[in-house]
Amino acid sequence: MTDADPVRLYRTVRLIRRFEERAVELVHGGQIVGGIHPYLGQEGIAAGVCAALDADDVLAGTHRGHGHVLARGADPARMLAELCGRVTGLNAGRGGSMHAADLSIGVLGANAIVGASGAIITGAVWAHRRRGRDTVGVSFFGDGAVNEGMLLEAFNLAALWRVPVLFVCENNGYATTMPVAGAVAGSIAGRAAAFDIPAVQVDGQDPETVRVAARAAVDRMRAGGGPELIEARTYRFDVHHTFEHAVRLDDYRPPDEVSRGRARDPVRIQGERLTDTDRAAVDAEVEATLDEAVRFALNSPEPDPADALTYLYASGLAARTGGG
Amino acid sequence: MPRLSYRRALTRALGDELARDDAVFLLGEDVQVGASLVTTGLAKRFGTERVRDTPLSEQAFTSFATGAALAGLRPVIEFQIPSLLFLVFEQIVNHAHKFPLMTGGQCRVPVTYLVPGSGSRTGWAGQHSDHPYSLFAHVGVVTVVPATPADAYGLLVTAIRHDDPVVVFAPAGAMDVRDDVDDLAPVPLGRGRIHRFGEDVTVVAIGHLVHDALAVAEELADQVSVEVFDPRTLYPFDIDGLTESVARTGRLVVFDDGNRSCGMAAEIIASVVERVRLLAPPRRVTRPDGAVLPFAPALDRAVQPGRDQLATAIHLTVKDGP
Ligand SMILES: Cc1ncc(C[n+]2csc(CCOP(=O)(O)OP(=O)(O)O)c2C)c(N)n1
Ligand SMILES: [Mg+2]
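Report follows, based on the coordinates. (Residues numbered from 1 in each chain as written. Chains lettered and ligands numbered in written order. Predicted model: local features only at pLDDT ≥ 70, side-chain atom pairs only at ≥ 80, totals over all residues. Heavy atoms only, no water.)

## So, the pattern of salt bridges
Residue and element names in this part refer to chain A.
- Evaluated as defined, the whole model comprises 41 salt bridges over all chains.
- R22 is the partner of D291 in a salt bridge, and the nearest nitrogen-oxygen pair spans 3.0 Å. Highlighted residues: D291 in helix α12 (residues 276-299) and R22 in helix α1 (residues 6-28), separated in sequence by 269 residues.
- Judged by its relative accessible area of 14%, R22 falls in the buried class.
- Taken together, the salt bridges that share partners define one network made up of R18, E21, R22, E287 and D291. (Salt bridge = Lys/Arg side-chain N within 4 Å of Asp/Glu carboxyl O. Helix = DSSP H or I, 4+ residues; strand = E, 2+ residues; numbered from the N terminus. Buried < 20%, exposed > 50% of the residue type's maximum accessible area, 1.4 Å probe, protein only.)

In structure tokens, the structure reads:
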């Protein structure tokens, strides 16, 4: 099985799709508190990029981060348990949707601060390479992040020190309700050009197209190249955050744009590359995995409030409690 | 006994840790040349790969260090100006500090943030003269403010070996202090030190103010017996050590180069009065609320807590009691 295996790519996008749909149900059912930023519609990007990575590689994501964690291979059951705030979750229930992390597979975490992942990944990749590994890294971020100074500083640092980081901009057209045209002077690829970082724009709705672009960038980086940027054009099929299911915001996305956007579905596009039998087999397997994940998450114990700050200090420093 | 300056003690600590542990590396602005006169000679000794000059990108290089720490290294960042900490408060608090808890204990972030020349440098005015240690204590980042060369060495070494982020404030007012030092050793976090024993009042002095407090104690020696307690670490704070001292003297004055509202002095006083019934109301000598250090030297001095104010506070506290 190579990273070009269409079945594998389909399994990943299908898994993310159904995971997110189940997670939204659990939000509505009250089992996931605080809501989520669904990755629905953008699955092809995480799937395509992660298909090009090796075991030693690292990535960091965003508030809309479930897809990145799952595509990298985290256990969906422990991921869902995390969203449900259970001790069996990836982060022992301490992180939730926006901080899900699995350091054991190089996922340095979803990150709720827009634009934050670039510098962290740059440092991590540099450190791994100093220790003789062949690591490359991926920093996922949205179109909103390209106006954050911290990310632009990270572009400079990665380019200057030739740290092989693949910057992946998931341009879904909006930062919450702010359209790209209202926020970005110049262009996203132009940001990269300013630092001599090679940039390509790809159709983020086609997982295979994303994979091919990521593969090429990763190969160049592995061969000694510096950072690269991929701007993946995509569309978020659902809300910015599930609170919008309860509180309808004004039509900030025109209805015809939404239907055009939804028409280009990465799961369908990749699914059509499989035989009906293969696709049905993957669908059934994914469903079984998620049934089990939901069972696992909901049957897992909740953390003990007495342990609320257990992991505050890696050094084991004990913080004073807040009571009288 | 060899004389050692505070500044050279920091250099020694950095050199010793770079030599001891290959995971340690240093980054910052103009550190290869050693513009702060702290990192002098380290690039020659350890190479420019491990002693790295950065572009002026405080936010990126602070989070770069977080990433490197997540990958197993022990970065030390030198900040040229204490006020730059305001630029990177986000990166330190939201990321470096929060990662261990948010990941459910999957990682550690052993980064040291070294701030040589914190507080007033005299004549550097509003944007170079802050002393924001209380902010880091407030968010729960380990915060140390050594007063002496031996403690500067010992606490910096400990900070670098510590598994969580640590901010090391090296006050401008202490950088040229010299001491006879024969034994350089790590100093544990959260352990204060009594520089002078006394019977009537405990003065808690932070950083360079320890030296001013000692001078005032000496001046007043024939009138009042002053104990000078140097916490050394502000977070975690040696409340047991201080409680022991105040339980003996019954009186407390805090001498703190931070702003008054929500400052360290407020926290120290609250923590003590929760445990000890004092003989007189405690007092604090601090910067004013919302202090911005003005440029003109007389104004710069006027806004910093001074020896006269401390002497007055000591007298009032002693007079107030039984
Ligand atoms: C630094 C920062 N500013 C603002 C926010 C609040 N916020 C969360 S997501 C978001 C929009 C982000 O847009 P984009 O980067 O395009 O990602 P998308 O949500 O479209 O995936 C905003 C403003 C934040 N989390 N962090
Ligand atoms: Mg967006």
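So that's the structure; there's more coming.
## What about the site of ligand 1?
All names here are of chain A.
- Taken together, 15 residues lie near ligand 1, and H63, R64, A112, N172 and Y174 sit nearest.
- Within the backbone of A112, a nitrogen or oxygen atom sits 2.8 Å from a nitrogen atom of ligand 1.
- Between a nitrogen atom of ligand 1 and a main-chain N or O atom of V114, the distance comes to 3.1 Å.
- The protein chains hide 71% of the 580 Å² of surface that ligand 1 would expose on its own. (Near = heavy atom within 4 Å. Polar contact = N/O pair within 3.5 Å; in protein donor to acceptor, adjacent residues only side chain to side chain. Areas by Shrake-Rupley, 256 points an atom, 1.4 Å probe, with all protein chains shown as cover.)

## Some points on the coordination of the magnesium ion (ligand 2)
Residue and element names in this part refer to chain A.
- Protein coordination of the magnesium ion (ligand 2) is provided by D143 (OD), N172 (OD1) and Y174 (O), with donor distances spanning 2.0 to 2.1 Å.
- Every donor residue of the magnesium ion (ligand 2) comes from the same chain, spaced as D-x28-N-x1-Y. Of this pair, D143 sits in the loop between β2 (137-142) and α6 (149-160) while N172 sits in the loop between β3 (165-171) and β4 (174-175), and the two are 29 residues apart along the sequence.
- On the accessibility criterion, N172 (6% relative accessible area) is buried. (Donors = N, O, S within 2.8 Å, 3.2 Å for Na, K, Ca; no water.)

## Overview of the pairing of strand β6 (residues 199-203) of chain A
Residues and elements named next belong to chain A.
- Where β6 meets strand β7 (residues 228-233), 5 bridges bridge the pair, whose relative direction is parallel. Note that in β7 the partner of A199 across the bridge is L229.
- Handedness of the crossover joining β6 and β7 through helix α8 (residues 207-222) is recorded here as right-handed. (Pairing = 2+ DSSP bridges. Right-handed = clockwise from strand over helix to strand, strands pointing away.)

## Examining the layout of surface pockets
- By volume, the largest pocket is sized at about 540 Å³.
- In terms of lining, the largest pocket is formed by 21 residues, of which the most central are R320 of chain A together with A137, L234, Y235 and E267 of chain B.
- Elements represented by at least two residues in the lining of the largest pocket include exactly α6 (133-139), β12 (233-235) and α10 (264-273) of chain B.
- Per-element tally for the lining of the largest pocket: the top contributor is α10 of chain B, with 5 residues.
- When the residues that make up the lining of the largest pocket are grouped by side-chain class, the tally is 14 nonpolar, 5 polar and 2 charged.
- Built from parts of two domains, the lining of the largest pocket gets at least three residues from each of domain 1 (3-180) and domain 2 (193-320) of chain B. (1 Å grid on protein atoms, 1.4 Å probe; cavity = no way out; pocket = protein on both sides within 12 Å on 5 of 7 lines; lining within 4 Å. Points joined across faces, edges and corners; volume = space filled by probe spheres on them. Nonpolar A, V, L, I, M, F, W, Y, C, P; charged D, E, K, R; others polar. Domains from an automatic or database assignment.)

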